Structures are given as C-alpha cells and as structure tokens.
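Structural description and commentary
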Amino acid sequence: MCGIFGYVGERDVVEVLVAGLKRLQYRGYDSCGIAVLDGNELAIVKEAGRIERLEQVLSRYTFQAKVGIAHTRWATHGKPTPTNAHPHIDCHGTVSIVHNGVIDNFLNLRESLLNRGHILRSETDTEVIAHLIEEELSKISHEGEKAFVFLKAVMKAVSQLKGSYAIACLWEGAPGVIVSARQGSPLLIGVGNNEACIGSDLNAVLPITKQVILLNDGELALVTQTKVWVFDIEGKEKKVAVQRIEWEVTEEDRAGFPTFMLKEIYEQPERIRKIIALRCQGANPPIFEELDMPPSQLIGFRRIIVQAAGTSWHSGLYGKYLFERYLRIPTDAEIASEFRYREPVLEQDTLVIAISQSGETADTLAGIRQARSRFVPVLSLCNVPGSTMTRESDAVIYLHAGPEIGVASTKAYTAQLAHLFLLTLHLARLKWLLSQDNINQLLDQFNQLPEKMEKILDEQESIVRECAKTFLDSRYFLYLARGINYPTALEGALKLKEVSYIHASGYPAGEFKHGPIALVDKDTPVVCIAPVDSVYEKTLANIEEVKARGGRLIVVTTEGNRDFDEMAEFIFTIPQIHEDLTPLLTVIPLQLLAHHVAAMKGLDVDKPRNLAKSVTVE
Ligand code: AGP
C-alpha cells in the first residue's frame, strides 16, 4: 500500500527522499513523487510507474532544499497517472501533501470545495486535504511563528475528515517544517542529530535514526530539523516519547538472489536458528521474555479465537490444530475481515490471538479493537516492533523473522508457525499438560528444523524447478492435504496465485470428493501434501481417487516413502520430523514452486500486480 517519507536536515534532500522511497517500494505501488521546498518555493516532481523513472526525471533538476516529502501510491481513487500521484497541492501551489489511507467523506468535501471556487486537478481523495488547509490558512491569523500557524491550519483541516489518514505536509510560508497527522494509518517520526524524518514504516526511518516517536491516532506532529512537537487534535501539546527501536533494516540488495522472495525462502533455516537461540536456551520450556501476561491469566482461558488475514490466517489455522491437540482448548481460526463484522460471541474467558507480519493490517487491527472494546484480552504475534498492533494489544510475542520485502510472505509464515508451536509448549507446561520430558523431546525435534530446511533447499530445488517448467502453462492447480498440513495446502495455493496469477485452490483432501473433484481432468496438476503421519493412510486413499480421474500428481512426502514412485509425476521429499512440525518443511517446496513458476513466466515476483505488502485499508 501507499508509503510516506519525509526529511528535514542537512543531507541532500532529493537523494534521501529517493532512498526512502526505495525502502518503501516493497509495500506495492504504482506511482510516486516528491515535493521539496527549494528556498521558499515548492517544487513537485511525480510520475506514474517505477521510482527509477522518477529518478531519471529528477536528474534534470538541481534543488537547494532542506526539507521534502515523498510518496509511493497504490491507487484507490483514480488511476495510477502522474496527476493522481502524490504529492498534491492547493489552488495556489503553496501547500503540498502526501497521504496514506482513505477519506470516507471526500465526495462531500470535494463538492463543497468546488462550490466555493476551488480547482481540483486529480480524482484522488487526498487532494481535498490540501485545499482544506489552504482555506484554513486564509481564515486564521498569521501572527506569531509560521510553523504554528501552519500546524493550526492542518489541525482545523483534518478535523473535517472522516476516514483514515497519515499525512505529511509542506507550506511555502513555513520553510523547514513538516506537519504530520495520524488517524488510522501508521506514521512514525525519526529524531536524529540535527535532522528528522517521518515515515509510514520503520524501513524508511531507521537508516536515518533509531530514535523514533510512534504517533498515535488523533495526534499531529510539527517536525523541524532540531525539534519535534506532538499535539492532540484539540491543539494540546503532548509529552514526546522518543524510543530506540532495534530492528535490522534489510539491505536493498538481494544478496545475489534474483528476487527478495527467493532470498527470503533461503533465509528460513537461519531465521529458525535465531528463534531457537532466543527462545529455547538449553532444554527449558520456551522463553517469551516480552510476553507481558501473567501465567495465572494465561492458564485461565477456556476458549481461543485466532484472527488474521491471508498467510497469517493460514498460520492461525495451524495454531488451532496445536491448541486443541495439546491444550484441549476449543479454538477458532477466523478470517479477520469476517470476524469483525460477524458479531462474534466474545466472553471474558476467551483469549483473542492476532497474527500479523506487518502489524498494520486494517482488518486484523479492527478485530483487535473489537475484542478489546468487549474487554477480551488480545495477544498479538507480530513481526514489526512498534507497529500499531503491538501497541494496541494486551500482550505481544515478536516473530523475529526480520524485515520481509517480498510481497508474498515466506519466512514470516514459518516464523509464525515456529512461534505457535513454541507458545503451545509454553502454555502446555504452565498448565501441566506436558511433562518436562515431553517438552524436551518436542524441542529436540524443533531444534532439527534448520538443518532439515537446508536439506530441502539443497536437494529439492532442482526437482521443483523441473516441475515448474512442466506446469508453466497450466490454467489452474489444486492443493490437497489433511490434518495439520491442511493450512499448508491453503498456503501453497495462495503463494502460487499471488505471484504467478495461476488460479489455485487448497482443499482438505477428505472434502475433495464432495465437489471439487469434478475439476480434475488429465491436464490438472494436483499438489498433494502427504507426509507419513497419523492421517497418511486416509490422504493416500484420497490421492488414489485423484489419480483414478487422470489428475497429474505432484506429491510432497517423507523421505524414503516409495508409495508414489509409480503414481506421481513429481515427488518432493522432506526429512523425517515430528508430525506437528511437518508444516514448517512441507511448505518450502511449495514456496519454491510458486516462485519458479512466476519467475519462468517473466513476472515481477516481488511486486505482484494489484497486491500490497501491508494492507492498511479494509
Ligand atoms: C501473504 O503472502 C500475503 N501477501 C497476504 O495474504 C498477507 O499475509 C495478509 O495481507 C496479512 O498480512 P499481515 O500478516 O501483515 O497482517
């Protein structure tokens, strides 16, 4: 989704803004632009398409600027054209604004502005904000420091908005100042040494400084090179809380991999190693230092609702299998956008678990707010420190997947599964449902994951590549599995859809004969996830049914299993591991398959069409 960056300081502003935009581009965008104050004059350059194109245009100009704002746009209102790209300006071109979010009442605001003689150039909801600021500037006194005059005008303008926004604005009348406001869309401020920046995301801000102010909803900030002020919407000054955020910023290069997605698939063993080092010291139950919820509360829940979106929902489903099996707690895994509007029954002895890579997904966030408004505690499993979900939940467990740049989630997924497994052991120990011996045995299996993941990456990649080449032109794929690998079938299908644009569906293998089997013909690739586990015999029978109807079988199974030698066209193997850990292995060939199909089709794997990394609108 859209990204915001802004800078005030001594560095080359255009260079810093472009670098900031590049760090935001993984979120998905279709146009981009910057505004700088060159002396007292606003200069705006914006383009449809890639940042490289903007850079080319920028190379024709020389600006003497100390302050600027920048934006990557993911179109909502109006096509991705240079006119609709941000920054937007007022009638006179003295106010400039970038915006993330959606202004729900923009049509009314636009109509009244037009009636009052404003000329609006774009189709966006954002542009109305620049014009509202212009009007407010014309109404209020310009006595006193211009920075505060500007702040007051922005405050009055945003109080007319309904919807969600994170904005950053410049005004020719107050050079050296960025005014920002936040309501429902993330925004943070980096406070450096004689410089400051603002950004919608840590990736953009942390290369400048690790000292960060996390703005809350309903707050505005006045940002200058040497000082930052924070106010509420009534204009009351608030105490500024600067915190140091430790988070590795991803290198822009892909470390020799052709795509970030492939780099991130290959990073998984290392990530799990880090999680082991952090959570499983010796043979103790897993450690969650940051989990700020007393054991007495943790053992008292009688129901769990996991709510999340997309890939994170798939890991939530995996959590359901574990929680019910080991903790005997009834668990639902809910799609966040449904959970929120379904009027769910929420009782005091329920724990809501939210899972999210970004910590900013609007649907999941709304579910958190809904639960908390009904006094139901929320535990979030989240990858990004300081994100809105981590601040709005009762307790947090960090995923330690490191920044994920590819839009298709891979390493964050396995980090989610790993943490759900460890959380289950932690709760089982607290509730005395597993002995120390049982925990040790399970942790011993868990500790073997990195090595086994590496083995798959080393030994299976060429077979997966061959398979991708064979099925490149297929129109649709089916994915089948039972039990704890059913979420793997959903995840494998989602990965393929996201990056290759080939339709794919995941089904529980036992459900397949109740309808979807009608789809199978002699050309249909059917990916069957069938490790040798407690439901293997049943899965095998379902696979036979598919084979009998001519489907072309691609099977993921355990090393040494020869059952598919005659039956399957491709077999991807995983090393032997405890059944409940197989999803962390079986997903790897499926991630590779999706990647290779998309790459062979010549598609932009890291930035698939229509998708955004962080989905901050409903
Ligand atoms: C994953 O590949 C997708 N890009 C998407 O489904 C994602 O998992 C979903 O939007 C939820 O995001 P979150 O984990 O950041 O909340």
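Owing to the predicted nature of the structure, the values given are computational and were not obtained by experimental measurement.

1. Let's talk about the overall build of the protein
Across its full length, the protein carries 19 helices and 25 strands. Taking 2.2 N^0.38 as the reference for a compact globule, 618 residues should give roughly 25 Å; the C-alpha atoms of the protein span a radius of gyration of 26 Å, in line with that estimate. Projected onto its principal axes, the C-alpha positions of the protein cover 80 × 55 × 40 Å. The proportion of buried residues among the 618 residues of the protein is 62%. By sequence separation, contacts in the protein at least 24 residues apart represent 71% of the contacts at least 6 residues apart. Split by element, the accessible area of the protein, about 23,400 Å² in all, is 48% carbon and sulfur.

2. With respect to the domain arrangement of the protein
Looking at the protein, the domain boundaries give domain 1 (3-244), domain 2 (258-447) and domain 3 (448-618). Inter-centroid distance (C-alpha atoms) of domain 1 to domain 3 is 44 Å. Taken together, the contact between domain 1 and domain 3 spans 9 residues of the former and 9 residues of the latter. The contact between domain 1 and domain 3 buries some 800 Å² in all, and 60% of this surface belongs to carbon and sulfur atoms. Viewed at the interface, domain 3 and domain 1 are joined by 1 salt bridge. Residue arginine 50 pairs with aspartate 604 through a salt bridge whose shortest N-O separation is 3.2 Å. Linking domain 1 with domain 3 are 2 residue pairs in polar contact (both at pLDDT 80 or more), by the criterion used here. Per-class residue counts for the side of domain 1 that touches domain 3 are 5 nonpolar, 2 polar and 2 charged.

3. Examining the pairing of strand E17 (residues 331-335)
When strand E16 (residues 303-308) meets E17, the two strands line up parallel, connected through 5 bridges. By the bridge assignment, isoleucine 305 is partnered in E17 with aspartate 332. The parallel pair E16 and E17, bridged by helix H10 (residues 310-327), forms a crossover whose chirality is right-handed.

4. What to know about empty space enclosed by the protein
Evaluation of the coordinates by the stated rule reveals 4 cavities of 30 Å³ or more. Roughly 250 Å³ of volume is contained in the largest cavity. Along the walls of the largest cavity sit 24 residues, with Tyr26, Asp201, Leu202, Ser358 and Val384 positioned nearest its centre. Looking at the lining of the largest cavity residue by residue, the classes come out as 10 nonpolar, 7 polar and 7 charged. Lining the lining of the largest cavity are residues from two domains, each supplying at least three of them: domain 1 (3-244) and domain 2 (258-447).

5. Looking at the packing of H10 against helix H17 (residues 486-500)
For the pair H10 and H17, the least separation of the axes is 9 Å and the interaxial angle reads 170 degrees. In terms of orientation, H10 lies roughly antiparallel with respect to H17. Across the interface between the two elements, Gly310, Thr311, Trp313, His314, Leu317, Tyr318 and Tyr321 of H10 pack against Tyr486, Pro487, Leu490, Glu491, Leu494 and Lys495 of H17. In terms of residue class, the contact of H10 with H17 is built from 8 nonpolar, 3 polar and 2 charged.

6. Here's the deal with the nonpolar core
In terms of nonpolar packing, the biggest core is built from 92 residues, with Ile353, Phe446, Phe477 and Tyr479 touching the most fellow members. It is helix H14 (residues 411-430) that provides the largest number of residues to this core, a total of 12 residues. If we skip the residues at most four places from it in the chain, phenylalanine 446 touches Ile272, Ile276, Cys280, Ala418, Phe421, Leu422 and Leu581. Within the second largest apolar cluster, 36 residues are counted, among which are Val95, Ile133, Ile140 and Cys169.

7. Notes on the state of the cysteines
Scanning all chains against the criterion turns up 0 disulfides. Here cysteine 91 is not disulfide-linked; the sulfur of cysteine 169 is the nearest cysteine sulfur, at 16 Å.

8. Remarks on the sheet that holds E16
An order of E17-E16-E18-E19-E20 is seen for the 5 strands of this open sheet, with the pairing classed as parallel. Strand pairing shows two members of the sheet lacking a second neighbour, E17 and strand E20 (395-398), which therefore form its edges. Across the sheet, the mean angle from the axis of one strand to that of its neighbour is 20 degrees, orientation sign disregarded. Note: E16 against strand E18 (residues 350-356), 6 bridges, orientation parallel. Within E18, the residue paired with isoleucine 305 across the bridge is valine 352.

The rules behind these values
Residues numbered from 1 in each chain as written. Predicted model: local features only at pLDDT ≥ 70, side-chain atom pairs only at ≥ 80, totals over all residues. Heavy atoms only, no water. Helix = DSSP H or I, 4+ residues; strand = E, 2+ residues; numbered from the N terminus. Rg over C-alpha atoms; globule rule 2.2 N^0.38 Å. Buried < 20%, exposed > 50% of the residue type's maximum accessible area, 1.4 Å probe, protein only. Contact = heavy atoms within 4.5 Å. Areas by Shrake-Rupley, 256 points an atom, 1.4 Å probe, with all protein chains shown as cover. Domains from an automatic or database assignment. Buried area = accessible area lost by both parts, 1.4 Å probe. Salt bridge = Lys/Arg side-chain N within 4 Å of Asp/Glu carboxyl O. Polar contact = N/O pair within 3.5 Å; in protein donor to acceptor, adjacent residues only side chain to side chain. Nonpolar A, V, L, I, M, F, W, Y, C, P; charged D, E, K, R; others polar. Pairing = 2+ DSSP bridges. Right-handed = clockwise from strand over helix to strand, strands pointing away. 1 Å grid on protein atoms, 1.4 Å probe; cavity = no way out; pocket = protein on both sides within 12 Å on 5 of 7 lines; lining within 4 Å. Points joined across faces, edges and corners; volume = space filled by probe spheres on them. Axes fitted to C-alpha atoms, helices over the stretch in contact; angles between N-to-C directions. Parallel < 35°, antiparallel > 145°, perpendicular 65-115°, else oblique. Core = buried A, V, L, I, M, F, W, Y, C linked by side-chain atoms within 4.5 Å. Disulfide = S-S within 2.5 Å.

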